[in-house]
Amino acid sequence: MIERTKSHYEVIVIGAGVAGIYQIKLLADLGVDATVLDAAADLGGTWYWNRYPGARFDSESYTYGFSFSKELLDEWHWKERFSGQPENLRYLNYVADKFDLRKYMQFNCKVESAHFDEAKDLWRLKVADGRELTSRFVIMAIGLLSIPTPPRLKGMEKFKGRSFHTFHWPQEKVDLAGKKVAVIGTGATGIQVIAEIADKVADLTVFQRRPNWSAPLNNGPISDAEMADIRARYDEIFATCSRTPGGFEHEPDRRGFYEVSREERVKLWDRLYNTPGFAIWLRNFREIFTDEKANAEFSEYVAERIRQRVKDPVIAEKLIPRDHGFGVQRVPMETRYFEVYNRDNAHLVDISETPIVEVTETGLRTTERDYDFDIIVYATGFDAITGAFDHIDIRGVGGTKLRDKWSDGPSTFLGVFVHGFPNFLMPSGPQSGSASTNYPRGIEIGVGWCTKFLEYMWAHGYTRAEPTIEAEKRWTDHVIKMYSTMLMRKAKSWFTGYNSNVDGHEHGKTRYFVYNGGTPKYVSKIKEIAEHGYQGIVFGSASLLGQGRDTEDLGEKAAD
Ligand code: NAP
């Protein structure tokens, strides 16, 4: 266990999830004086918190695991193609224990503030337990979806039954048998939890504001023989992930949508509907993402599938999105989700027609009627991407608050740096490659790159680095440009900063949160910047502190 009396580190990593675990592994290998702080009682990040029934990967398990250790790859046996939360958390614990990383981690350590000390080129952090820590560098590994946002409903505190956001699903077993349960929200989380609990509760009522396009996950067990085959192919699997836009094994169909006949298109879609994982989204024609007409034709194909699966035609129509096409929001993957609505104990309430007015002592009141429940589950999403940053009082040069700088959306250089916030690194930050990819694949890229950057600084004796405002602007403009051809730019979703439960995010004003250029393009850009001496970054050295800063701007070439 780490010594809690120590107050200074070379590097403080905030967050002990997938990114924080890998980051501390690399720093430990280099012998750097570093620690990881996490608000939770243990490691795991998203897989520590999200314990709701049905929580599982939408990524193929074996593409989600870390790739950095052959020994680890050889040892771990993924039991399911899309592994569930308990197993995923076990995996992350296994990794931390195998590489003896726990000794660098401090739990129950909520970071409340981080202020940059310009005179000393270091960060001063305040932890909720009262400690003040300093570090030369802060690495933000705080997750993209780690601030849950319950709805803002009148009377929520009055409810006498149990209620929780899915992120805070209790650690102890929740007894669902015989219970009347409400689920609010039909995103990826709601769709997982609804499908998983429908046959375990007495009565289930789903409160849906907007339906989501969703398609079968097609999960299944991984046998010993299959795992042996996967192990033998790991190099090939990761090589494929590194050349696909989303960091998955799924490669888009490169035939033009309009070059093939309607029959050919349907043949592909029939196959993809029964193919595991995001194939239906990512192995599809590329026009699905960019061309309204192509997207509409495919959306109608999926709508027809929903009609075939839901017996009541009125309910089926309510489950078909009208305000956006398939795949322009992050596609939730489902396992017998649509069949839930064929059950006698399951009910769908369309709250776009009859909105929830308030939470009562015994349940929910809509404009139409009262409902009684034992349990209310809020599957209402997250203050995504920048939310976790906004929850820490982060101040850079001149006391500028990051929250203020990003009030209309993030601006970054490479998704890694922010002008005015020196020595502040985000290996999986807003506008970086990992935000819109198979997360660990992006994380390994980001963490590896940041670590090399730090090694460069240490080798040159630099104690301070930040991007120029021009470099940041160029990158942010490039990120915005990448949105311009994508249909997703119009969607009301967390990918574009929409969240009705967060002040300032409820109107859906587009925030350019993610890098849409794809993994290969992102990697080539950050590699090029590194190969050219980290163009766009201004370095400084503390050796001349007090005598005027020694700074060196190593060039100003375009980032795009
Ligand atoms: P989400 O996609 O933002 O969905 C939130 C849902 O709650 C939406 O249906 C939304 O309706 C509804 N909602 C929000 N506020 C509401 C309110 N005040 N009243 C009524 N309904 C409300 O959130 P999520 O489902 O938690 O998923 C977020 C992301 O987490 C996913 O996109 C995915 O990236 C990740 N995730 C991944 C996995 C996985 O990998 N297997 C699983 C779960 C989640 P509107 O659409 O009308 O806003």
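About the thresholds
- Residues numbered from 1 in each chain as written.
- Predicted model: local features only at pLDDT ≥ 70, side-chain atom pairs only at ≥ 80, totals over all residues.
- Heavy atoms only, no water.
- Helix = DSSP H or I, 4+ residues; strand = E, 2+ residues; numbered from the N terminus.
- Expected span 1.5 Å × (residues − 1).
- Buried < 20%, exposed > 50% of the residue type's maximum accessible area, 1.4 Å probe, protein only.
- pLDDT = per-residue confidence, 0-100.
- Contact = heavy atoms within 4.5 Å.
- Pairing = 2+ DSSP bridges.
- Axes fitted to C-alpha atoms, helices over the stretch in contact; angles between N-to-C directions.
- 1 Å grid on protein atoms, 1.4 Å probe; cavity = no way out; pocket = protein on both sides within 12 Å on 5 of 7 lines; lining within 4 Å.
- Points joined across faces, edges and corners; volume = space filled by probe spheres on them.
- Nonpolar A, V, L, I, M, F, W, Y, C, P; charged D, E, K, R; others polar.
- Near = heavy atom within 4 Å.
- Polar contact = N/O pair within 3.5 Å; in protein donor to acceptor, adjacent residues only side chain to side chain.
- Areas by Shrake-Rupley, 256 points an atom, 1.4 Å probe, with all protein chains shown as cover.

Asks: Would you explain helix H7 (residues 224-243) in this entry?
Replies: Side chains that are three or four residues apart share a direction in an α-helix, a result of its 3.6 residues per turn. With 20 residues, H7 extends 28 Å from end C-alpha to end C-alpha; this agrees with the ideal 28 Å at 1.5 Å per step. The set of residues buried in H7 consists of Met227, Ile230, Tyr234, Ile237, Phe238, Thr240 and Cys241.

Asks: Please explain the confidence of the model for the protein as it appears in this structure.
Replies: Low pLDDT marks regions whose predicted coordinates should not be analysed in detail. Mean pLDDT over the protein works out to 95, with 96% of the residues at or above the 70 mark. Between the elements of the protein, mean pLDDT differs from a low of 45, seen in strand E21 (residues 550-553), to a high of 99, seen in strand E8 (residues 180-184). The model gives residues 544-560 a pLDDT under 50, and that stretch makes 46 contacts with residues more than four places away or in other chains.

Asks: I would appreciate a short explanation of unusual backbone geometry in the present structure.
Replies: With phi around 55 degrees, aspartate 121 is a residue other than glycine that occupies positive phi space. Note on aspartate 121: relative accessible area 0%, which makes it buried. Of note, the phi angle at asparagine 423 is positive, near 55 degrees, even though the residue is not glycine.

Asks: Can you walk me through the sheet that holds strand E15 (residues 370-372) in this structure?
Replies: The strands that make up a sheet are held in pairs by hydrogen bonds between backbone atoms, and each pair lies either parallel or antiparallel. With antiparallel pairing, the 3 strands of this open sheet are ordered in space as E13-E14-E15. Where the open sheet ends on each side, the last strands, each with one partner, are strand E13 (356-359) and E15. Adjacent strand axes in the sheet meet at a mean angle of 20 degrees when their direction is disregarded. When E13 meets strand E14 (residues 363-366), the two strands line up antiparallel, connected through 3 bridges. In the sheet register, glutamate 358 faces E14, and the bridge partner there is arginine 365.

Asks: Please explain empty space enclosed by the protein as it appears in this structure.
Replies: Over the atoms rolls a probe the size of a water molecule, and its path tells where empty space is left. The full count for this structure, using the stated rule, is 2 cavities of 30 Å³ or more. Here the largest cavity is characterised by a volume of approximately 50 Å³. Counting residues per element, the ones that place at least two in the lining of the largest cavity are helix H4 (70-75) and H7. For the lining of the largest cavity, a count of residues per class yields 9 nonpolar, 1 polar and no charged. Its boundaries defined by the atoms lining it, the second largest cavity holds a volume of some 30 Å³. If you go around the second largest cavity, the residues you meet are Met140, Ile142, Gly143, Leu144, Ile385, Phe389, Ser428 and Gly429.

Asks: What is the right way to read the site of the ligand from this model?
Replies: Around the ligand, the structure places 25 residues, and the nearest of them are Arg56, Thr186, Thr189, Arg209 and Trp494. Measuring from an oxygen atom of the ligand, one finds a backbone N or O atom of alanine 188 at 3.0 Å. Protein contact buries 85% of the 910 Å² of open area that the ligand shows by itself. Split into classes, the residues belonging to the shell around the ligand amount to 11 nonpolar, 9 polar and 5 charged.

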